[in-house]
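Summary of structural features
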Amino acid sequence: MDIKVNPNELIKANSLYLRGTLEQSMADQATGALSPDDAQISKFHGFYEQDDRDQRQSRQQQFLEPYYSFMLRARLPGGVCTPQQWLTIDAVGRELGNGTIRLTTRQTFQYHGILKRNLKPLIKRINQAMIDSIGGCGDVNRNVLCNPNPEHSNLHKTVHEWATRISEHLLPKTRAYHEIWLDGEPVAGGESEPLYGETYLPRKFKTAVAVPPYNDVDVYTNDLGFVAIAEDDQLLGFNVLAGGGMGATHDDSTTFPRLADELGYITPEQTLAVAEAIVSVQRDFGDRVSRRHARLKYTIERMGLRTFIAEVEQRAGLQFEPTHSVQFTSQGDRYGWVADGENRWHLTLYIENGRIVNTPEASLMKGLWEIASIHQGDFRITPSQNLIIANVSDQQKQHIENLARHHGLISKQQTPIRLASLACVALPTCPQAMAEGERYFPKFLDRIEEIAARYGIQKQAIVMRMTGCPNGCARPYAAEIGLIGKGPGRYNLQLGGDGKGLRLNRMFRKNLNENELLKTLDGLFHLYADKRLTNEGFGDFTVRYGLVKPVINPAEDYHDTP
Amino acid sequence: MEVVAKTTESFPANPLDDMQLSGLQHAIQSLNNEQLVWASGYLAGLVSLQPNGKVAANESTALTVLYATQGGNALSVAKSLAEHAQDQGYALRLVSADNYRPRDLAKEQLLIVVISTQGEGEPPESAFELFKYLRSNKSARLEKLRYAIFGLGDSSYEHFCHASRELDQLLTTKGAETLVERIDADVDFQHHYTDWQREILHSVEKVQPLDQAKIIPILRAATVRHDRNNPFQAELLERRCITTEDALTEVHHLAFEIDPTVIQYQPGDALGLFFRNDPTQIEKILSHTGLEGSTNVSLEQHKVSLSQALTERLELTQLHPNVVKSWTSIANNSDLNAIVKDQESLRSFVKNRQFIDLITNYPADLDEQALVNLLHSQQPRLYSIASSQNSIEEEIHLTVAALRYQHHNPNHLGGASGYLTQRINEGDSLGVYVVKNPSFKLPEATDTPIIMVGAGTGIAPYRAFLQEREALNSSGKNWLVFGNRHFHRDFLYQTDWLNYRKSSLLNRISLAFSQDARERTYVQAKLYEERTELYHWLQEGAHLYVCGGVEMEKGVHHSLIAIAQDQGGLDEESAAEYIDSLRVQGRYQRDVY
Ligand code: SRM
Ligand SMILES: Cc1cc2nc3c(=O)[nH]c(=O)nc-3n(C[C@H](O)[C@H](O)[C@H](O)COP(=O)(O)OP(=O)(O)OC[C@H]3O[C@@H](n4cnc5c(N)ncnc54)[C@H](O)[C@@H]3O)c2cc1C
Ligand SMILES: Cc1cc2nc3c(=O)[nH]c(=O)nc-3n(C[C@H](O)[C@H](O)[C@H](O)COP(=O)(O)O)c2cc1C
Ligand code: SF4
């Protein structure tokens, strides 16, 4: 039987543990790009080859290759960094990137528009600040999410330590990164990759740690989830979840978003063993022929949950205890100042699209630089592309607030809808984008706010997420309203999420342009305003009112008609 | 028609035996004039295809007309002289300097040289070996020789007609005797040479009795169909800007449609072209002089309207010293008078001014005809051909940089480049002619490696080179060394080079973008950086080409000498000798402007 393994598998296998021919590609002055194979390998080092899609056509006319540049994504477990680190992050973004810093939905930051010749200096600089980009992308464990939980500093501290340990434990061991970017000595003798092996995982792998009742990490959308079970700030253990994921492909019913299954309860000491076991099962059982079906969610569907759990328990050498029951009450962030009982203050700033940049309207980048130069606590990037200025003392509280206001980091009151919303990057940098994301979403929200106001529901938070394609980078399938890019100016409209990230939405209308979207939503908001029950969220309403059937088991019913 | 008649009737004196002759006659009898002309060009082409197969001096030839040209002007003068001489029955040969063996000078009795000056007072590439020979004290005495020189130059250059002057002086020191006083003709050379011809033929007659027997007919047949005096009307098929908006210089790619039966060119050749001046400039000129555009004026025995004359026939953007002089005589402005008195200040005055600057700053009264008489006729401009006829038969591609400069008057635009990059539209036609460049040619041996060094638009001929080598699938290795300002903005024809590299036609590519990095890098530095490889290629017999601006060429030349020193362990002098020897062997060719 001759099933071809996916070409990426060969690239990995031939890459000598992620070295590929990156050095040659870097040295090649004739093109701003890498060799195609290296463009795959580079992801494991944390950066993607991109080109400015706005310029593609014109440059082709000019006998010029596309305007290639690179996007680098740092590894920043739980999104925590120090003010000193921020100063470097800021400087590098200004000097070696395109002048912006992009906070992501996985609690880290990205630089866009890095030119090939600037890659090595850039990677050196962030590493000097103790930030690396290993596995920022690629078929390995990605940045580990961790609830930034300003309310309970002690618990956050412990949980965040675990997030970091998981991240470190699941790091690739190859020295390629240090050799190529940090001029590390080439390793004598053979390399080895005890956990991953030379072909690594069949696909990306994502891990999150949540602290109820907050589901701001959307823990159920990750391949591997840990739900902290705590008693007055003391961590007791974790509920373990597996098999979540968003990515799907338009009109391919063999692909679907999926929420993670609960495997059981473990104590903190068992965390690493379980994480490693689950990764190894995915390594051995994951689909290496079709990348489309290579995520853990499909592996579990194929193996069956029971078999999967048994395999994990056997490899981890433990038995899961019954899951503890938990309550999640919300997705997304809580803005403004909160105190945490240990007279420390935490300021959550709304960063539109997570894009930190200086504009005529607001000098966000400069503002954060000034704050970083005096701040003595830490920074935390949230899974909603926002930023928390954490652990601020009473003395500094006012000063920091003034700076934030002065630079437009705290601006006019945003509506709850906007504060709960998310959009992905999409055009012009994202090669996968079919429609606009962050460039367009804010304008779209203006219209939505008008409609909401018209029906008097502007005080209602509605989780609305837009992505430029079905990959789902802003986790749109876990939103109350999902807008999935289908083509230029066109989106699928998804309804039925529960606003807590515990229920997937479902396609309600296909391929709508802006007017059709606004008309449809106008109708829906009108209906919701009239017919909702007290405290009934928009997503729950659309399901109760029968506008969409709830998604129970996506493998079976996700592609059903509403 | 005339051409054919001459050819056949004069066959008795031809070098062919009867068999060959009848064979030839049989071969051509079915051809019409068009075809005959083409065939003759083709035969001539066969001859010129052997740059090193030098024609030995033929003792019996009375007179040799030797020319050294870059842009074809010297050739046109030399050819017209040769034709007249032939009509009078003189046996002569017309030969380009690079096909001439300098040692043969000793055998010559009558030598007429037509030579232009290039670079900064240098002789054209084709005369390099000749000058090298004459400058060396090893060269033979030339007591037998009588000679005349027609020099072409441009008095707006510092070293006006330096080449013709030096040649004159070299020949006299070798003991040769002047037949007719040297002429140093300015850009309006065409007005001078008819008289000169008469004088030459007259004095030749005195020293050399006619000898009907020695007419060499092939000469006529070799006449190029289209030249400066008879340009071909080519239609613009396509024009596109190939630099980004933020590029420092705007470069355009143009494709013209040509008729391959009458226009043939080889990689390395240039295209001469006439252009239309900027209508807004002409408006300004008319309003400043208060003259009527519709008024008819006579120009070279034709009646045309003043506006047409200004648009199509007269030179407006290259301000020539002579024009300033004539203008001064009517403007009688004290400053201007002062300027024209001193050559140096006059030269720097014209350097960056256009006619419009002259007349706006120094008004004068004159009538339509006076204006026309005072201006020079338009100089055709040359552009390296960026395509190969073996790959695109019916097109000629050019790579044109818009010449913009701020001076005395904001946004000056070059005449031709302004027309070609801003004003010409697809579908428009303009007069063009091919300017052969025998001293910038691919090696005959298709397996010879080549190194192509160019900056800015100097890359144009290499596009032709690689198209040619691809079309002929030549096995020789190819190395491109290119320099410009910004990788992302003006990497001219980047996708072509990348494709050639993918198809492994282009084996090596080295780049220097001066403004990308903090410390500026240029091609010459790049060459030195890669000197080991470069020297290795040269040792393997590689041919080296350099094309682009004068400054770049100088820099490259120096770094080549430095490389020869470093790699060949030579002292500076012998390193320079080595580089010169490459030029003599035709392995180091330059096209500089
Ligand atoms: C920056 C970010 C979106 C944002 O606005 O913040 C992002 C941006 C991209 N994602 Fe994503 N993803 C981002 C979070 C996500 C998430 C959300 C999450 O992980 O919580 C998802 C859905 C969860 C999941 O993985 O299922 C997600 C699912 C994808 C997929 C679909 C994977 C799948 O299983 O089908 C792709 C495409 C792929 O992997 O082939 C993708 C690919 C990409 C690429 C790299 C496009 C590409 O393949 O070259 C995008 C780069 C755009 C750009 O120019 O920056 N991204 N991506 C997020 C960076 C996260 C991080 O810091 O690591
Ligand atoms: C063999 C050969 C090949 C060539 N190949 C190419 C080619 O492939 N591509 C190409 O673009 N060009 C090429 N050139 C140059 C081209 O022929 C023209 O010289 C060029 O385009 C400028 O002509 P123009 O009519 O636009 O400018 P003109 O109207 O001739 O204006 C030129 C005048 O402007 C003034 N001037 C020029 N530069 C400045 C300055 N920086 N500051 C102030 N004054 C200035 C000078 O007085 C000069 O006489 C080639 C030239 C030669 C001889
Ligand atoms: C690049 C270049 C450099 C020139 N340098 C000089 C010079 O230094 N002195 C001079 O008198 N003429 C100079 N000229 C003018 C030419 O000699 C003049 O145009 C002549 O008619 C060209 O004849 P040709 O077409 O036979 O080469 C130069 C022309 C060019 C294109
Ligand atoms: S969702 Fe699609 S368009 Fe948006 S960032 Fe992800 S891959 Fe790009």
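Reading the values: rules and limits
- Residues numbered from 1 in each chain as written.
- Chains lettered and ligands numbered in written order.
- Predicted model: local features only at pLDDT ≥ 70, side-chain atom pairs only at ≥ 80, totals over all residues.
- Heavy atoms only, no water.
- Helix = DSSP H or I, 4+ residues; strand = E, 2+ residues; numbered from the N terminus.
- Buried < 20%, exposed > 50% of the residue type's maximum accessible area, 1.4 Å probe, protein only.
- Contact = heavy atoms within 4.5 Å.
- Areas by Shrake-Rupley, 256 points an atom, 1.4 Å probe, with all protein chains shown as cover.
- Near = heavy atom within 4 Å.
- Polar contact = N/O pair within 3.5 Å; in protein donor to acceptor, adjacent residues only side chain to side chain.
- Expected span 1.5 Å × (residues − 1).
- Patch = residues over 30% accessible without salt bridge, like charges linked within 9 Å, V, L, I, M, F, W, Y side chains within 5 Å.
- Salt bridge = Lys/Arg side-chain N within 4 Å of Asp/Glu carboxyl O.
- Lys, Arg positive; Asp, Glu negative; His and termini not counted.
- Charge placed at Lys NZ, Arg CZ, Asp CG, Glu CD.
- pLDDT = per-residue confidence, 0-100.
- Pairing = 2+ DSSP bridges.
- Axes fitted to C-alpha atoms, helices over the stretch in contact; angles between N-to-C directions.
- Donors = N, O, S within 2.8 Å, 3.2 Å for Na, K, Ca; no water.
- Nonpolar A, V, L, I, M, F, W, Y, C, P; charged D, E, K, R; others polar.
- Core = buried A, V, L, I, M, F, W, Y, C linked by side-chain atoms within 4.5 Å.
- Arc of directions from axis to C-beta.
- Parallel < 35°, antiparallel > 145°, perpendicular 65-115°, else oblique.
- Left-handed = near helix turned anticlockwise from the far one by under 90°.
- Phe/Tyr/Trp six-rings, centres within 6.5 Å; stacked < 30°, edge-to-face > 60°.
- Lys NZ or Arg CZ within 6 Å of the ring centre and 35° of its normal.
- Buried area = accessible area lost by both parts, 1.4 Å probe.

1. A word on the overall build of chain B
Of regular secondary structure, chain B possesses 23 helices and 20 strands. Out of the 593 residues in chain B, the part that is buried amounts to 54%. In chain B, the proportion of contacts linking residues at least 24 apart, taken out of those at least 6 apart, comes to 78%. Summing over all exposed atoms, chain B offers an accessible surface of approximately 25,900 Å²; the carbon and sulfur share of this is 50%.

2. So, the site of ligand 2
All names here are of chain B. Around ligand 2 sit 21 residues, and of these Thr317, Lys351, Arg381, Leu382 and Ser417 come closest. Within the contact set of ligand 2, an oxygen atom lies 2.5 Å away from a side-chain nitrogen or oxygen of Thr317. Between an oxygen atom of ligand 2 and a main-chain N or O atom of Ala416, the distance comes to 2.8 Å. Of all elements in the fold, only α13 (343-351), β11 (381-384), β12 (395-401) and α16 (415-423) reach the threshold of two or more residues within the shell around ligand 2.

3. Quick notes on helix α22 (residues 550-568) of chain B
Turn by turn, an α-helix covers 3.6 residues, leaving residues three or four places apart pointing in a common direction. All names here are of chain B. Compared with an ideal rise of 1.5 Å per residue, which puts 19 residues at 27 Å, α22 spans 26 Å between its outermost C-alpha atoms and is within 8% of the ideal. Residues of α22 that are buried include every one of Met552, Glu553, Gly555, Val556, His557, Ser559, Leu560, Ile561, Ile563 and Ala564, and no others. Contacts from the buried residues of α22 go to β16 (450-455), α20 (523-529), α21 (531-539), β19 (543-548), α23 (572-584) and β20 (588-592).

4. Examining a negative patch on the surface
A cluster of acidic side chains, namely B:Glu235, B:Glu257, B:Asp259, B:Glu393 and B:Glu394, defines a negative patch on the protein surface. Relative to the elements of secondary structure, B:Asp259 occurs in the loop between β7 (251-257) and β8 (270-273).

5. Some thoughts on the confidence of the model for chain B
Residue and element names in this part refer to chain B. With 88% of its residues at a pLDDT of 70 or more, chain B shows a mean pLDDT of 89. Residue range residues 48-60 is modelled with pLDDT below 50. Its contacts to residues more than four positions away, or to other chains, number 24 contacts. In the model, residues 212-223 has pLDDT below 50 throughout and makes 29 contacts with residues more than four positions away in sequence or in other chains. Confidence estimates for the predicted assembly give a pTM of 0.87 and an ipTM of 0.89.

6. A word on the sheet that holds strand β17 (residues 478-484) of chain B
To summarise the sheet geometry, strands pair through backbone hydrogen bonds and adopt either a parallel or an antiparallel arrangement. Residue and element names in this part refer to chain B. What the five strands build is an open sheet, ordered β18-β17-β16-β19-β20; its pairing is parallel. Either end of the sheet is taken by a strand with one partner, and the two such strands are β18 (508-513) and β20. Within the sheet, the average angular offset between the axes of one strand and its neighbour, ignoring direction, is 10°. Sheet topology note: the β17/β18 ladder contains six bridges and is parallel. Residue pairing across strands places Gly483 opposite Ala512, the latter belonging to β18. Here helix α17 (residues 460-471) sits on the sheet and contacts β16, β17 and β19; the angle it forms with β16, its principal contact strand, is near 150°.

7. Details of unusual backbone geometry
Residue and element names in this part refer to chain A. Here the bond from Pro212 into Pro213 is cis, since omega is 5°, no more than 30 degrees from zero. Within the element layout of this structure, Pro213 appears in the loop between β7 (207-210) and β8 (224-231). Cis geometry is found at the peptide bond from Leu427 to Pro428, where omega equals 5°. Mapping Pro428 onto the fold places it in the loop between β16 (422-423) and α15 (441-454).

8. Regarding the coordination of the iron atom of ligand 1
For the iron atom of ligand 1, the protein supplies a single donor, A:Cys473 (SG), at a distance of 2.3 Å. Within the fold, A:Cys473 resides in the loop between β17 (464-467) and β18 (481-487).

9. Notes on the sheet that holds strand β14 (residues 378-381) of chain A
Residues and elements named next belong to chain A. With antiparallel pairing, five strands are arranged side by side in an open sheet as β3-β14-β15-β12-β11. Looking along the sheet, the strands with just one partner apiece sit at the ends: β3 (80-81) and β11 (336-339). Examined bridge by bridge, β14 and strand β15 (residues 387-392) share four bridges and lie antiparallel to one another. Looking at the pairing, Phe379 lines up with Ile389 of β15.

10. Looking at the site of ligand 3
Residue and element names in this part refer to chain B. As a structural note, the neighbourhood of ligand 3 is formed by 21 residues, with Thr69, Gln70, Ala74, Thr117 and Cys161 the closest of them. Contact between ligand 3 and Thr69: an oxygen atom at 2.5 Å from a side-chain N or O atom of the residue. Backbone polar atom of Ala74 to an oxygen atom of ligand 3: 2.7 Å apart, as the coordinates give it. Its free accessible area being 640 Å², ligand 3 has 87% of it covered by the protein chains. Tallied by class, residues from the shell around ligand 3 come to seven nonpolar, 12 polar and two charged.

11. Digging into the nonpolar core
Ranked by size, the top nonpolar core spans 95 residues in total, and within it A:Trp86, A:Phe109, A:Tyr111, A:Ile278, A:Phe308 and A:Leu368 carry the most contacts. By residue number, the principal contributor to this core is helix α9 (residues 271-285) of chain A, which donates seven residues.

12. Description of the side chain of B:Asp357
Residues and elements named next belong to chain B. Positionally, Asp357 belongs in helix α14 (residues 355-361). Within the buried core, Asp357 has no salt-bridge partner, and the shortest N-O distance to an opposite charge, that of Arg353, equals 5.7 Å. At a separation of 2.7 Å, a polar atom in the side chain of Asp357 contacts the side chain of His412.

13. Considering helix α13 (residues 394-406) of chain A
All names here are of chain A. Helix length check: α13 (13 residues) gives 19 Å between terminal C-alpha atoms against 18 Å at 1.5 Å per residue, within 8%. Turning to α13, its buried residues number three or more, namely Gln396, Lys397, Ile400, Glu401, Leu403 and Ala404. Along α13, the residues classed as buried sweep out an arc of 160° about the axis, all on the same side. Opposite the buried face of α13, by more than 90 degrees, sit the exposed residues Gln395 and His406. As for α13, its buried residues are in contact with β11, β12 (345-349), α12 (364-374) and β15. Two residues or fewer past α13, Gly408 is found with a positive phi of approximately 80°.

14. Some thoughts on the packing of helix α5 (residues 128-135) of chain B against α23(B)
All names here are of chain B. Contact geometry for α5 and α23: axes closest at 9 Å, N-to-C directions at 130°. Relative to α23, the element α5 lies oblique. Seen from above, α5 lies across α23 with left-handed handedness. Along the contact surface, α5 presents Phe128, Glu129 and Lys132, while α23 presents Glu577, Asp580, Arg583 and Val584. Taken together, the residues that form the contact of α5 with α23 break down as two nonpolar, no polar and five charged.

15. A short note on the packing of aromatic side chains
Considering all chains together, one arrives at 37 aromatic pairs over all chains under this definition. Taking the centre distance of 5.7 Å and the plane angle of 50° together, the rings of B:Phe487 and B:Phe491 count as tilted. Three or more aromatic residues joined by ring pairs form one cluster here, namely A:Phe525, A:Tyr528, A:Phe538, A:Phe541 and A:Tyr545. Lying over the aromatic face of A:Trp162, A:Arg165 brings its terminal NZ or CZ to 4.2 Å of the ring centre. Lying over the aromatic face of A:Phe508, A:Arg509 brings its terminal NZ or CZ to 4.1 Å of the ring centre.

16. Looking at the interface of chain B and chain A
At the interface, 21 residues of chain B touch 16 residues of chain A. Taken as a group, B:Arg240, B:Phe487 and B:His488 account for 35% of the area that chain B buries against chain A, more than any other trio of residues on that side. A salt bridge links B:Arg501 to A:Asp28, with the shortest nitrogen-to-oxygen separation between them at 2.7 Å. Linking chain B to chain A there are nine residue pairs in polar contact (both at pLDDT 80 or more). Those elements giving two or more residues to the side of chain B that touches chain A turn out to be β6 (232-241), α18 (487-490), α19 (494-502) and β18 of chain B. The residue makeup of the side of chain B that touches chain A, split by class, is eight nonpolar, six polar and seven charged.

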